[in-house]
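# Descriptive analysis of the structure
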Amino acid sequence: MRQFSYVRAESAAQAVSAKGIEANEFLAGGSTLIDLVKLDVMQPETVVDINSLPLYDIEELADGRLKIGALVSNTALAYHPVVKEKYAVLSEALLSGASTSLRNKATTGGNVMQRVRCSYFRDGISPCNKREPGSGCAAIGGHNRSVHAVLGTSEHCIASHPSDMCVAMAAIGATVVVKGPQGEREIPFTDFHLQPGNSPQKEHAKATDELITHVILDKPIAGNRSHYLKLRDRASYQFALASSAVIVSVEGGAIKEARLAMGGVATKPWRAFEAEQSLIGKAPSAQAFQQAAEIAFKGAVPQSQNAFKIPLGKNAVIRSLKTVTA
Amino acid sequence: MAHDKSRPLSKHREGFKSYTASRSRRNFIKGVGLSGVAVAASGCASQGMALDQEDEAMTDPEAVNKVEITLNVNGQPRKMKVLPNAVLLDVLRDDLVLTGTKKGCDHGQCGACNVHVNGDVINSCLSLAVMHDGDDITTVEGLSTEGEMSAVQKAFHECDAYQCGYCTAGQMMTATYVLNSDDIPASPEAWKEAMSGNICRCGAYKNILSAMQQASETA
């Protein structure tokens, strides 16, 4: 692994000041960063270790929201009593991701910043506009079966976003709190991740010297049932081919509120606002779910090997909606 | 699960032994240049350190870049200086000669390198040693008590839960954590899911599951 300098930040302000330039990286759990530095895909000059910062708490706010410190591990978050009780979809999504030991390492902030699993991005050699802007995209027309998207792609990048946690957070509704040299600001979760467009190297709405300090989950929907359905090549320990996070409340036989987000099929955690709207006021039925799934995948563009993700993704949406309304 | 990580950097330096320099002169010069940035930005080095570092640099060109840490490994405090990019797995194996922990994929995909840090099982290949200053680390060598194998170790032995044995240390570290966890249900289905990050190329999974069943009954 290449050499780098190391700074152990003792405060968020110090972390932000040490981060400075693009070529430096924050270090939390390390499960993405150290992997990619070993592959020489990420080449930090300085690694800013934020593990000493007091960002390990999960706090219920007076307004009913849940404030999660950026350093809360995926394990701690998944098994937190409030998350299990009020945000079951998030607990399920977290526990469907990675492995026991990786979930102990991986952090909330780190998972928001997780990098794509496209093998052409990771190999350090192939054309990849994310790794080397302007070099092209080897995945278009190449191997693009499992970790490439059908929604939100561009002619410059088709890699799918790999996180399960983020799909659940997109469905729940959340805010990413970042701290930069100018102070703190909040970014709506669904605006945080960017579609590749013409600049796939720009993945997030935060500036390079802004540090994620918290994620705040919206107040849970009253009387909701939720579910995360993840479909993959193996029964465990594999990235999603297609996944669906749904949160639904039913009142008087009709759907009162609905939230839907998809993973594995899109270039960012994909909230399907229009499909949600189609469900409101309707009685739960196969027809209503089919219609929502069609809307959710409207405009999907298949690549050479992943056209199966469109029917698979629709079926994931339909089955997860059936599960929460059964 | 969360623990207090807000510890000051240890400034004790006695008993430190120089590492054997292994980098080229070019890398050394580059490293020195960068280290100035780090020390200036971090403000975590004592004023006297720069002078000491110059002395050490005479015998160990990498010393200037190194960070002093103490790892509490299997109950023993182990004070050392490591480069920022030293990986916990490599420090355990190469510097502390605790070779029970194995290097498999080196990318967090196989679980062969799993160890416990402050009670939680993690992939040591994806940790920098500098991240673990002051942490309690248990490797497979620390599972036994006064030469007596743990319940998990005995069960792996008696159930023949391995063939080549390369993944076994990591399997036992994860199994020990899983069986002690209050969150993971005590059922073969939950154990299969919780153990899925530990790959066994020989395919001893059935016997690993039997061993966990046996260990859970004897523990």
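Numbering of residues starts from 1 in each chain and follows the order in which that chain's sequence is written. Starting at A for chains and at 1 for ligands, labels are handed out in the order in which the entities are written. Residue-level local features of this predicted model are given only where pLDDT is at least 70; pairs of side-chain atoms are given and counted only at 80 or more, and the full residue set underlies all totals for whole chains, interfaces and linings.

Take the nonpolar core next. Residue and element names in this part refer to chain A. In terms of nonpolar packing, the biggest core is built from 151 residues, with Ala168, Met169 and Ala171 touching the most fellow members. A run of H or I in DSSP counts as a helix once it spans at least four residues, and a run of E counts as a strand once it spans at least two, with each numbered from the N terminus. In terms of residue count, the dominant contributor to this core is helix H9 (residues 165–172) (8 residues). Apart from residues lying up to four places away in sequence, Ala171 is in contact with Val89, Ala245, Val246, Ile247, Arg259, Leu260, Ala261 and Arg271. Definition of nonpolar core: a set of buried Ala, Val, Leu, Ile, Met, Phe, Trp, Tyr and Cys residues joined via C-beta atoms within 7 Å. Neighbour density around each residue's C-beta defines its exposure: 20 or more other C-beta atoms within 10 Å make it buried, 12 or fewer make it exposed, and counts between make it partly exposed, where C-beta atoms are placed from the backbone. Here, residues touch in the contact sense if the C-beta positions derived from the backbone fall within 7 Å of one another.

The partner chain A presents 36 residues to the 40 residues of chain B that form the contact. Secondary-structure elements contributing two or more residues to the side of chain B that touches chain A are helix H1 (25–42), strand S4 (120–123), helix H5 (168–180) and helix H6 (188–194) of chain B. Counting residues per element, the side of chain B that touches chain A draws most heavily on H1(B), at 9 residues.

Our next topic: the packing of helix H12 (residues 286–296) of chain A against helix H13 (residues 309–325) of chain A. Residues and elements named next belong to chain A. Taken N-terminus to C-terminus, the directions of H12 and H13 make an angle of 140°; their axes are 9 Å apart at the nearest point. The angle between H12 and H13 falls in the class oblique. Once H12 is placed against H13, the crossing between them reads as right-handed. The segment H12 lies against H13, with Phe289, Gln290, Ala292, Ala293, Glu294 and Ala296 engaging Lys314, Val317, Ile318, Leu321 and Lys322. Counted by class, the contact of H12 with H13 contains 7 nonpolar, 1 polar and 3 charged residues. Lines are fitted to the C-alpha atoms to define the axes, a helix being fitted only along its stretch in contact, and any angle between axes, read from their N-to-C directions, falls within 0 to 180 degrees. When an angle is under 35 degrees it counts as roughly parallel; over 145 it counts as roughly antiparallel; between 65 and 115 it counts as roughly perpendicular; any other value is oblique. Here a crossing is called left-handed whenever its near helix is offset anticlockwise from the far helix by less than a right angle, and right-handed whenever the offset is clockwise. Each residue receives one of three labels: charged for Asp, Glu, Lys and Arg, nonpolar for Ala, Val, Leu, Ile, Met, Phe, Trp, Tyr, Cys and Pro, and polar for the others, Gly being one of them.

Attention now moves to the environment of A:Arg232. Residue and element names in this part refer to chain A. Its location among the elements puts Arg232 in the loop between strand S9 (225–231) and strand S10 (242–251). Judged by the 16 C-beta atoms lying within 10 Å of it, Arg232 is partly exposed. Sequence spacing of Arg232 and Glu186 is 46 residues, and the spatial spacing of their C-alpha atoms is 33 Å. Aside from chain neighbours lying at most four places away, what touches Arg232 is Gln238, Phe239, Ala240 and Leu241.

Time to look at the domain arrangement of chain A. In many analyses, interface size is given as the accessible surface area lost on bringing the parts together. Residue ranges assigned to each domain were obtained from an automatic or database domain assignment. Considered domain by domain, chain A is made up of domain 1 (5–52) and domain 2 (225–325). For domain 1 of chain A and domain 2 of chain A, the distance between their C-alpha centroids amounts to 36 Å.

Here a helix's expected span is defined as the number of its residues, less one, multiplied by 1.5 Å. The terminal C-alpha atoms of H5(B) lie 18 Å apart, and with 13 residues this matches the ideal 18 Å at 1.5 Å per residue to within 8%. Buried residues dominate H5(B), accounting for 11 of its 13 residues. Taken as a whole, H5(B) has its buried residues at B:Thr168, B:Ala169, B:Gly170, B:Gln171, B:Met172, B:Met173, B:Thr174, B:Ala175, B:Thr176, B:Tyr177 and B:Val178. Buried residues along H5(B) sit against helix H6 (100–105) of chain A together with strand S3 (114–117), S4, helix H4 (151–158), H6 and helix H7 (205–218) of chain B.

Our next topic: the sheet that holds strand S5 (residues 136–138) of chain B. The strands making up a sheet associate through hydrogen bonds between their backbones, and the pairing can be parallel or antiparallel. All names here are of chain B. When DSSP finds two or more bridges between a pair of strands, those strands are recorded as paired. Pairing is mixed in the open sheet, where 5 strands are placed in the order S2-S1-S5-S3-S4. Both edges of this open sheet fall to strand S2 (76–82) and S4, since each of them pairs with a single strand only. Each strand of the sheet is rotated relative to its neighbour by a mean of 40°, with strand direction disregarded. Bridge analysis of S3 against S5 gives 2 bridges, and the strand direction is antiparallel. Each bridged residue has a counterpart across the sheet, and for Val117 the counterpart in S5 is Ile137. Here H5 sits on the sheet and contacts S3 and S4; the angle it forms with S3, its principal contact strand, is near 40°.

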